[in-house]
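# Observations on the model geometry
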Amino acid sequence: MSDDHFGDKVEEHGLYFGARQQVNGYYERLALLDGATVSLVVTAALGKFLGILRHKYTLGVALTSLVAAMLALLYRNQLASQVEFHEAQLTAYPSSEQKARKELRSLNPQIARYQLVGVVLSGVGIVLLLAQVWLVLLGH
């Protein structure tokens, strides 16, 4: 492989890597948000608000949803790190292309699935927490 061609491949990989890092960062932040929300709500709910919560199951489902979302997103990020390895392998060792492409074809649908699960569960958890807040405010 000529130096110019390799340099072009490295530059191409760098651009694609930067874009993937933006996407990966979003899901990392969402997982952190879910964990921080669970921590904050558990601290508040098990503290001074425990006596006024009448719909504790709503809170339980919301927290379970957020924890499940966090776990799904953490697993998604672990799969994404495998993609990074295979993409780097493709750039550095073009002879490994067939094996690396096969791995990427199996990882990409899994990543998309865990992204969807994580986002949906995060949304459900947040909506249920909001419903719980309104139930408390309305005195139900």
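Going by the structure above, here's the rest.
In short, a report on the structure. (Residues numbered from 1 in each chain as written. Predicted model: local features only at pLDDT ≥ 70, side-chain atom pairs only at ≥ 80, totals over all residues. Heavy atoms only, no water.)

## So, the pattern of salt bridges
One pass over the structure, following the stated rule, counts one salt bridge. Here Glu84 and Arg20 are joined by a salt bridge, their closest N and O atoms 2.7 Å apart. Here the residue Glu84 occupies a position in helix 2 (residues 56–92), and Arg20 occupies one in helix 1 (residues 3–45), the gap between them amounting to 64 residues. Here Glu84 falls in the buried class, since its relative accessible area comes to 13%. The exposure class of Arg20 is buried, given its relative accessible area of 10%. (Salt bridge = Lys/Arg side-chain N within 4 Å of Asp/Glu carboxyl O. Helix = DSSP H or I, 4+ residues; strand = E, 2+ residues; numbered from the N terminus. Buried < 20%, exposed > 50% of the residue type's maximum accessible area, 1.4 Å probe, protein only.)

## Things to note about the nonpolar core
Judged by nonpolar contacts, Val38, Val41, Ala45, Leu53, Leu59, Ala62, Leu63, Leu66 and Leu129 together constitute the single largest core of nine residues. Elements represented by at least two residues in this core include exactly helix 1 and helix 2. For this core, the leading source of residues is helix 2, giving four residues. What Leu66 contacts, discounting residues up to four positions off in sequence, is Asp34, Thr37, Val38, Ser122, Gly125, Ile126 and Leu129. If you look at the next biggest cluster of nonpolar residues, it comprises eight residues, including Ala80, Leu90, Leu104 and Ile111. (Core = buried A, V, L, I, M, F, W, Y, C linked by side-chain atoms within 4.5 Å. Contact = heavy atoms within 4.5 Å.)

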